[in-house]
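# Per-entry structural report
This is what each chain is made of:
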Amino acid sequence: MKTRSLWLTLFAAATIALAGARAQERLEIFDAHLHYNQEPNPFYSLDQVRDVFRRNGIIGIIANSRPNKGTHQLTDAKWPELKVVPFIRPYRVRNDIQTWFNDPTILELIKEEYSRGVYRGVGEFHIYGKAAESEWVKTIVDFAVERQLYLHAHCDEEALLILFRHNPKARIIWAHTGFSVPPARVAELLDQHKDALWGELSYRGGIAGSDGKLTREWRDLFERYSDRFLLGSDTWINERWFGYDTIFKEYRSWLAQLPPEQARRIASGNALRLFDLGGAK
Ligand SMILES: [Zn+2]
């Protein structure tokens, strides 16, 4: 009798563990900050990239690359398990990061890429402070708004506000959600730019403590704005590809501490909604 109850207990424990693992597996993830850079060769072949996505439960990506060739490859791959949302990277080489906002040839690059007819956004691009006031930046923001393209902006708060001033109809995915901008200020900005601003969370500080537990501030922020955040790997250097599994293990660890409907929105629901790809709300 004793042995039997022990087995039952073990069986119950195993069932619960399995259910827990399944619940984790079921959380589908959209990587909203993916670079497939190639200067001149990618770190991983397409087959290896596919393997990385499968292993991590990635069902969709915002794809961009320097140069844009990597994005073309990901778009052309047409893997049935992966939704690819291509964004135009306004860079040919790394140094363009410093100069693109004053470089008329970048507008030509954007127009030429756009003519491929597949793009949903422009970015990720880097811009800080008053540099955003350049006439080329305004032209690019207007170009994006007219074509209903999202902007994926790696910027400080000052530049973010200038982008919205250029064109209040801009729709901006804020790469890294300002890195360290206080959560209370993030909340204000989200309130001020409804249907226009979303926060992407790669490299964002303060979400979880060193013990892996969600901080009070971010738990509250997610409770109020779970429809406004996206996850991203930001594979800007090879090390990020190497660490891809770890990046998403960390995301999953704090997502598991949120109510499931909030976790689902942040993990993939918001991205699917933004790009009209169906799926969870
Ligand atoms: Zn990036």
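Summarised in this report is the structure supplied together with it. (Residues numbered from 1 in each chain as written. Predicted model: local features only at pLDDT ≥ 70, side-chain atom pairs only at ≥ 80, totals over all residues. Heavy atoms only, no water.)

## Concerning the packing of helix 8 (residues 183–192) against helix 9 (residues 216–225)
Operational definition: Axis definition: a line fitted to C-alpha atoms, over the contacting stretch in the case of helices. Angles run 0 to 180 degrees between N-to-C directions. Helix and strand assignments follow DSSP, with helices taken as H or I runs no shorter than four residues and strands as E runs no shorter than two, numbered in order from the N terminus. An angle counts as roughly parallel when it lies under 35 degrees, as roughly antiparallel when it exceeds 145, as roughly perpendicular when it falls between 65 and 115, and as oblique in every other case. Contacts between residues were defined by any pair of non-hydrogen atoms, one from each residue, lying within 4.5 Å. In the scheme used here, Gly and all other residues not listed as nonpolar or charged are polar, with Ala, Val, Leu, Ile, Met, Phe, Trp, Tyr, Cys and Pro taken as nonpolar and Asp, Glu, Lys and Arg as charged.
Their axes nearest at 10 Å, the elements helix 8 and helix 9 cross at an angle of 10 degrees. Taken together, the axes of helix 8 and helix 9 lie roughly parallel to each other. Counting all contacts with helix 8, which are made through Pro183, Val186, Ala187, Leu190 and Asp191, the residues of helix 9 involved are Glu217, Trp218, Leu221, Arg224 and Tyr225. A breakdown of the residues in the contact of helix 8 with helix 9 according to their chemical character gives 7 nonpolar, no polar and 3 charged.

## Quick look at the nonpolar core
A general tendency of soluble globular proteins is for nonpolar side chains to be buried together. Selection criterion: The definition of a nonpolar core used throughout is a set of buried Ala, Val, Leu, Ile, Met, Phe, Trp, Tyr and Cys residues joined through side-chain atoms within 4.5 Å. Each residue is assigned to one of three classes by its accessible area relative to the maximum for its type, calculated with a 1.4 Å probe on protein chains only: buried under 20%, partly exposed between the two thresholds, exposed over 50%.
Within the largest apolar cluster, 72 residues are counted, with the highest numbers of intra-cluster contacts made by Phe53, Leu201, Phe222, Phe229, Trp254 and Leu255. A total of 6 residues in this core trace back to one element, the largest contributor, which is helix 11 (residues 244–255).

## Details of the sheet that holds strand 8 (residues 229–230)
The condition that has to hold: Pairing between two strands requires that DSSP report at least two bridges joining them.
In space, the 8 strands of this open sheet follow the order 1-2-3-4-5-6-7-8, with parallel pairing throughout. Two strands bound the open sheet, and with one partner strand each, they are strand 1 (29–35) and strand 8. Note: strand 4 (residues 121–127) against strand 5 (residues 150–155), 6 bridges, orientation parallel. Residue pairing in the sheet places Ile127 in a bridge with Cys155 of strand 5.

## Side note on a nonpolar patch on the surface
Put simply, the test is: Each patch groups residues whose relative accessible area exceeds 30% and which form no salt bridge, using 9 Å between like charges and 5 Å between nonpolar side chains of Val, Leu, Ile, Met, Phe, Trp and Tyr. Per-residue accessibility takes into account occlusion by the displayed protein chains alone, with areas from the Shrake-Rupley method and a 1.4 Å probe. For salt bridges, the criterion is a side-chain nitrogen of Lys or Arg within 4 Å of an Asp or Glu carboxyl oxygen.
A grouping of Phe179, Tyr203 and Trp236 is seen on the molecular surface, where their side chains present a nonpolar patch of about 280 Å² in accessible area. Assignment of secondary structure puts Phe179 in the loop between strand 6 (172–174) and helix 8.

## Points about the coordination of the zinc ion
In plain terms, the rule: The rule for donors is simple: N, O or S, within 2.8 Å of the metal, or within 3.2 Å if the metal is Na, K or Ca. Water isn't counted, so a site may look like it is missing partners. Here a site with four donors is tetrahedral if all angles are between 85 and 135 degrees, and a site with four or six donors is square planar or octahedral if opposite donors are over 155 degrees apart and the other angles are between 65 and 115; anything else gets the irregular label.
Donor atoms from the polypeptide that bind the zinc ion are His33 (NE2), His35 (NE2), Glu124 (OE) and Asp234 (OD), placed at 2.0 to 2.3 Å. Metal-centred angles of 88 to 175 degrees between the 4 donor atoms at the zinc ion mark the site as irregular.

## Section: the pattern of salt bridges
All chains considered together, the criterion is met by 17 salt bridges. Across the pair Asp220 and Arg216 runs a salt bridge whose closest N-O atoms are separated by 3.1 Å. With Asp220 and Arg216 both in helix 9 and 4 residues apart, the pair spans about one turn of that helix. On the basis of relative accessibility, which here comes to 32%, the residue Asp220 falls in the partly exposed class. Residues participating in the shared-partner salt-bridge network are Arg50, Arg54 and Glu81.

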